[in-house]
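# Examining the three-dimensional arrangement
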Amino acid sequence: MRIIPCLLLLLAVSVFGQPPPATNDAPEGVRITPLARAFQPGEVVLVTLTAPRRVDRVGLRVFQQKLPLEPGLGEVPTNWWALVGIDLNTKPGGYLLRFELYAQDRIFARVDHRITIKKKNFPTRRLNLPEKFVTPPKASLARIKRESRLISGIFAEAGSERHWSGFFLRPVPGRANSSFGKRSILNGKPRSPHSGTDFRASRGTPVKSPNAGMTVLAQNLYYAGNTVILDHGQGLYSYFAHLDDFTVKKGDRVERGDLIGHVGSTGRVTGPHLHWTVRLRKARVDPLSLMEILARFESS
Ligand SMILES: [Zn+2]
């Protein structure tokens, strides 16, 4: 993991993201720096904490979640970090990052850091289609419900082991469009927003694993067609849909760059492309945000 050594350099040059306002004075010289492309719904935030003394463990509460920070490198850990996802539906406003710093299993400092989430206007399209394209047949309803429960059950798990490290690879060479978060109103009824990013690619294009992970699902789903879900660890998941085929099975471990399948147009889609959804502790975030924030560190 090369995130932490590069971090100070990044802070010094401040390549992206706005530094937090100076009003967030932390006790005992603890420094907290949340970094993101933007503090908006659908973005990934890399939160770092630097303490002036040895810390054994750091806990963070944010968005009704509790997560541990990961230690940086070195024998006396003073640098800590975590990835936080701002869910697609997060309301604009102020939110607190609440840190608890432990030494020898006792809390020795509590630090709050306020972030402000700004509004993001996702595009909305209104479509009127024949009802048969909008409403699934009755015979498929039980299957759709079962699959929806299966998927949300997977995303709800956050194992303690981290499989991923370093940067996230682009799974196909093609360009991504800006479809993340797009709202659709079909025949006057709002549908759930598009929670992934679509990449241009022709049928048969190899799809590569963006980072290391465990294959937790490889099967055909009603809406998503042939689907692979990779568990990158600690609540971070990649979900690839509409594949022509998949070349991994449940239980397989993959490394960054491993072939997991080929681009197709299976499931309810109009043409071949790669759909990639990223979930971070249930938050729906843009895969491009994850790729970008980690790539900056890797290249610095
Ligand atoms: Zn899609």
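Residues numbered from 1 in each chain as written. Predicted model: local features only at pLDDT ≥ 70, side-chain atom pairs only at ≥ 80, totals over all residues. Heavy atoms only, no water.

Here we come to the coordination of the zinc ion. Each protein donor to the zinc ion is listed here as His-194 (NE2), Asp-198 (OD) and His-275 (ND1); together their distances run 2.1 to 2.2 Å. Linear spacing of the donor residues for the zinc ion on their chain is H-x3-D-x76-H. (Donors = N, O, S within 2.8 Å, 3.2 Å for Na, K, Ca; no water.)

What follows is about the pattern of salt bridges. Across all of its chains, the model carries 14 salt bridges by this definition. Across the pair Arg-284 and Asp-87 runs a salt bridge whose closest N-O atoms are separated by 2.9 Å. Residue Arg-284 is found in strand β20 (residues 283-285), and its partner Asp-87 is found in the loop between β6 (79-85) and β7 (93-103); the two are separated by 197 residues along the sequence. Overall, the relative accessible area of 16% leaves Arg-284 in the buried class. Of the residues examined, Asp-87 reaches a relative accessible area of 19% and is grouped as buried. Across the salt bridge formed by Asp-244 and Arg-203, the nearest N and O atoms sit 2.9 Å from each other. Residue Asp-244 is located in strand β16 (residues 236-246), and its partner Arg-203 is located in the loop between β12 (197-199) and β13 (206-208); the two are separated by 41 residues in the primary sequence. Look at Asp-244 and you get partly exposed, because its relative accessible area is 27%. Via salt bridges that share partners, Arg-37, Glu-43, Lys-120, Asp-286 and Glu-292 belong to a single interconnected network. (Salt bridge = Lys/Arg side-chain N within 4 Å of Asp/Glu carboxyl O. Helix = DSSP H or I, 4+ residues; strand = E, 2+ residues; numbered from the N terminus. Buried < 20%, exposed > 50% of the residue type's maximum accessible area, 1.4 Å probe, protein only.)

Read across the open sheet, the 4 strands follow the order β4-β3-β7-β8; overall the sheet is antiparallel. Looking at the sheet topology across the chains shown, the edges are occupied by β4 (65-68) and β8 (106-117). Sheet twist, expressed as the average angle between the axes of neighbouring strands with direction ignored, equals 20°. Inspection of the sheet shows strand β3 (residues 57-62) paired to β7 by 5 bridges, in the antiparallel sense. The partner of Leu-60 across the bridge, within β7, is Phe-99. (Pairing = 2+ DSSP bridges. Axes fitted to C-alpha atoms, helices over the stretch in contact; angles between N-to-C directions.)

Right, let's talk about the sheet that holds strand β11 (residues 189-190) for a bit. Across the sheet, which stays open at both edges, the 3 strands sit in the order β9-β10-β11 with mixed pairing between neighbours. With partners counted over all chains shown, the strands left at the sheet margins are β9 (124-127) and β11, one partner each.

Attention now moves to the nonpolar core. Core analysis: the largest hydrophobic core is formed by 31 residues, its most contacted members being Leu-83, Phe-168, Val-207, Phe-240, Ile-260, Leu-274 and Leu-290. Residue assignment for this core shows that the elements contributing at least two residues are β2 (44-50), β6, β15 (225-233), β16, β18 (259-263), β19 (274-280), β20 and α4 (287-299). Mapping this core onto the domain boundaries places at least three of its residues in each of domain 1 (3-117) and domain 2 (124-299). Discounting chain neighbours no more than four positions away, the residues touching Ile-260 are Val-207, Lys-208, Ser-209, Val-228, Leu-230, Phe-240, Phe-246, Thr-247, Val-248 and Val-254. (Core = buried A, V, L, I, M, F, W, Y, C linked by side-chain atoms within 4.5 Å. Domains from an automatic or database assignment. Contact = heavy atoms within 4.5 Å.)

The next point concerns helix α3 (residues 141-156). Think of an α-helix as 3.6 residues a turn; residues three or four steps apart then line up on the same face. With 16 residues, α3 ought to run about 22 Å at 1.5 Å a step, and its terminal C-alpha atoms sit 23 Å apart, in line with that. Residues of α3 that are buried: Ile-144, Glu-147, Ile-151, Ile-154 and Phe-155. The buried residues of α3 occupy an angular sector of 95° when the element is viewed end-on, so they sit on one face. Away from the buried face of α3 by more than 90 degrees, exposed residues Ala-142, Lys-145, Arg-146 and Arg-149 are located. (Expected span 1.5 Å × (residues − 1). Arc of directions from axis to C-beta.)

With that settled, consider unusual backbone geometry. Here the phi dihedral of Gln-64 falls at roughly 60°; this positive angle occurs in a residue that is not glycine. Relative to the assigned elements, Gln-64 resides in the loop between β3 and β4. If you check the backbone angles, Asn-187 has positive phi at about 50° while not being a glycine. Here Asn-187 lies in the loop between β10 (183-186) and β11.

In the predicted model, the protein chain carries a mean pLDDT of 88, and 88% of its residues have values of at least 70. Overall, residues 1-23 carries pLDDT values under 50, and its contacts beyond four positions in sequence, including any with other chains, amount to 43 contacts. (pLDDT = per-residue confidence, 0-100.)

Its place among the elements puts Asn-226 in strand β15. Polar contacts involving the side chain of Asn-226 include one to the main-chain carbonyl oxygen of Asp-244, which spans 3.0 Å. Setting aside its immediate chain neighbours within four residues, Asn-226 contacts Gln-219, Asn-220, Phe-240, Ala-241, His-242, Leu-243, Asp-244, Asp-245, Phe-246 and Thr-266. (Polar contact = N/O pair within 3.5 Å; in protein donor to acceptor, adjacent residues only side chain to side chain.)

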